[in-house]
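Okay, here's what each chain looks like letter by letter:
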Amino acid sequence: MAASSGVSSTHGSDAGSNVDYQPIQYSMILEHLIGDKRPVKDLNPAVMGGLPVPAKSDEQKMIERGMESCTFKAVLACVGGFVLGGAFGVFTAGIDTNVGFDPKDPLKTPTAREVLKDMGQRGMSYAKNFAIVGAMFSCTECIIESHRGKSDWKNAVYSGCVTGGAIGFRAGLKAGVLGCGGFAAFSAAIEYYLR
């Protein structure tokens, strides 16, 4: 009887039941393993053997938004530029042989106080300049990135052009164009090296 209905039965006890068994095909298994019928699994670190990550609180989300804001990035670049510029200024003053010398009396040997004062002045001058450049670059890059909606190397090049052009424009149009090109090329080289 089973042979006449076209359904093959492998078990003698199933011959009396009304359930029709269809053979499992390889393509059906593949559908469930890698095809459209595959269940979507949540890639939770706890399931994969890692530590569970708790949901972020509103305070954590607010702090993350604050740290990703253009204002925070500009302030951070300003402080970092100030520290780096101050250290660079003190270093260059330390290796300069003319630090502390009076141009009116070149034969006079400078005192330690005069040398330290000159080093401090040079360090503060470099610190201010580095802070301004860092804040300008970071702020313009963040604004350009927000406006474009992309995070790629072009943002740094555009920001370098704006920053260099603004700094050079104080000396004239030609200096502004050269500053724009120079800062843009430097930013492109740094982005190429970092990425």
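Provided above is the structure to which this section pertains.
Below, the structure is looked at part by part.

Conventions adopted
- Counting restarts for each chain: residues are numbered from 1 in the order of the written sequence.
- For a predicted model such as this one, the threshold for reporting local features is a pLDDT of at least 70, and the threshold for listing and counting side-chain atom pairs is 80 or more; totals across whole chains, interfaces and linings nevertheless cover every residue.
- Values shown for side chains rest on all heavy atoms present in the structure; no hydrogens or waters enter the calculation.
- Where helices and strands are cited, they refer to DSSP runs of H or I of at least four residues and of E of at least two residues respectively, numbered from the N terminus.
- Remark: exposure states derive from per-residue accessible area (1.4 Å probe, protein chains only) relative to the maximum for the residue type, with buried under 20%, exposed over 50%, and partly exposed in between.
- Only heavy atoms enter the contact rule, under which two residues are in contact if any of them lie within 4.5 Å.
- Computed by Shrake-Rupley with a 1.4 Å probe, the accessible areas treat only the displayed protein chains as cover when residues are assessed.
- The disulfide definition used here is simple: a pair of cysteine sulfur atoms within 2.5 Å.
- Distance thresholds for patches are 9 Å for like charges and 5 Å for nonpolar side chains (Val, Leu, Ile, Met, Phe, Trp, Tyr), applied to residues having over 30% relative accessible area and no salt bridge.
- Salt bridges are defined by distance alone: a side-chain nitrogen of Lys or Arg within 4 Å of a carboxyl oxygen of Asp or Glu.
- Aromatic pairing here means that ring centres of Phe, Tyr or Trp (its six-membered ring) are within 6.5 Å. Orientation follows from the plane angle: under 30 degrees is stacked, over 60 is edge-to-face, and everything else is tilted.
- All axes are obtained by fitting lines to C-alpha atoms, using only the stretch in contact for helices, and the reported angles, taken between N-to-C directions, cover 0 to 180 degrees.
- Comment on the angle field: the value is read as roughly parallel under 35 degrees, roughly antiparallel over 145, roughly perpendicular from 65 to 115, and oblique elsewhere.
- Note: crossing handedness is left-handed where the near helix turns anticlockwise from the far helix by less than a right angle, and right-handed where it turns clockwise.
- Three classes are used: nonpolar for Ala, Val, Leu, Ile, Met, Phe, Trp, Tyr, Cys and Pro, charged for Asp, Glu, Lys and Arg, and polar for all others, with Gly counted as polar.

Looking only at helices and strands, the chain has 7 helices and 0 strands in total. Along the chain, helices and strands appear, N-terminal first, in the series α-α-α-α-α-α-α. Put simply, the chain has 195 residues, and 19% of those count as buried. Contacts in the chain between residues at least 24 apart in sequence constitute 50% of all its contacts with a sequence separation of at least 6. For the chain, the exposed area adds up to about 15,200 Å²; of that, 65% sits on carbon and sulfur atoms.

To continue, consider the side chain of S187. Here S187 shows up in helix 7 (residues 173-194). Residue S187 is classed as buried on the basis of its relative accessible area of 6%.

With that out of the way, let us pick up the state of the cysteines. The final tally for this structure, using the stated rule, is 2 disulfides. C70 shares a disulfide with C142; S-S distance 2.1 Å. Between C70 and C142, the S-S torsion sits near -80°, and that sign places the bridge as left-handed. Taken together, the positions of C70 in helix 4 (residues 70-95) and C142 in helix 5 (residues 112-148) put the pair 72 residues apart, joining distant regions of the chain. The exposure class of C142 is buried, given its relative accessible area of 5%. Going through the chain in sequence order and numbering each bonded cysteine, the pairs you get are 1-2, 3-4. Not engaged in a disulfide, the cysteine C139 finds its nearest cysteine sulfur in C70; these two sulfurs lie 6.1 Å apart. Given the relative accessible area of 28%, C139 is considered partly exposed.

On the surface, a cluster of nonpolar side chains totalling about 540 Å² of accessible area is made up of Y26, I29, L30, L33 and I34. Here I34 lies in the loop between helix 2 (26-33) and helix 3 (58-67).

Okay, the packing of aromatic side chains next. How two aromatic rings sit relative to each other is set out by the distance from centre to centre and by the angle between their planes. Scanning the model with the defined rule gives 3 aromatic pairs in all. Each ring, one from F88 and one from Y126, has its centre 5.6 Å from the other, and the planes form 50°; the classification is tilted. Here the residue F88 occupies a position in helix 4, and Y126 occupies one in helix 5, the gap between them amounting to 38 residues. For F88, a relative accessible area of 40% corresponds to the partly exposed category. Residue class for Y126 comes out partly exposed when judged on its relative accessible area of 27%. Among the aromatic residues, those joined into a cluster by ring pairs are F88, Y126 and F130.

Two packed helices can be described by the angle between their axes and the distance between those axes. Two elements in contact, helix 4 and helix 5, have axes separated by 6 Å at closest approach and are oriented at 150°. Compared by their axis directions, helix 4 and helix 5 come out roughly antiparallel. As helix 4 runs across helix 5, the sense of the crossing is right-handed. Residues of the contact of helix 4 with helix 5, tallied by class, amount to 19 nonpolar, 10 polar and 3 charged.

Take the pattern of salt bridges next. Tallied over the entire structure, the rule returns 3 salt bridges. With a closest N to O distance of 2.8 Å, K56 and E64 form a salt bridge. Relative accessible area serves as the criterion here: at 47%, K56 is assigned to the partly exposed category. Across the pair R122 and D96 runs a salt bridge, and its minimum N-O distance is 2.9 Å. Linking R122 in helix 5 with D96 in the loop between helix 4 and helix 5, this pair joins segments that are 26 residues apart in sequence. Take R122: its relative accessible area is 24%, and that puts it in the partly exposed class.

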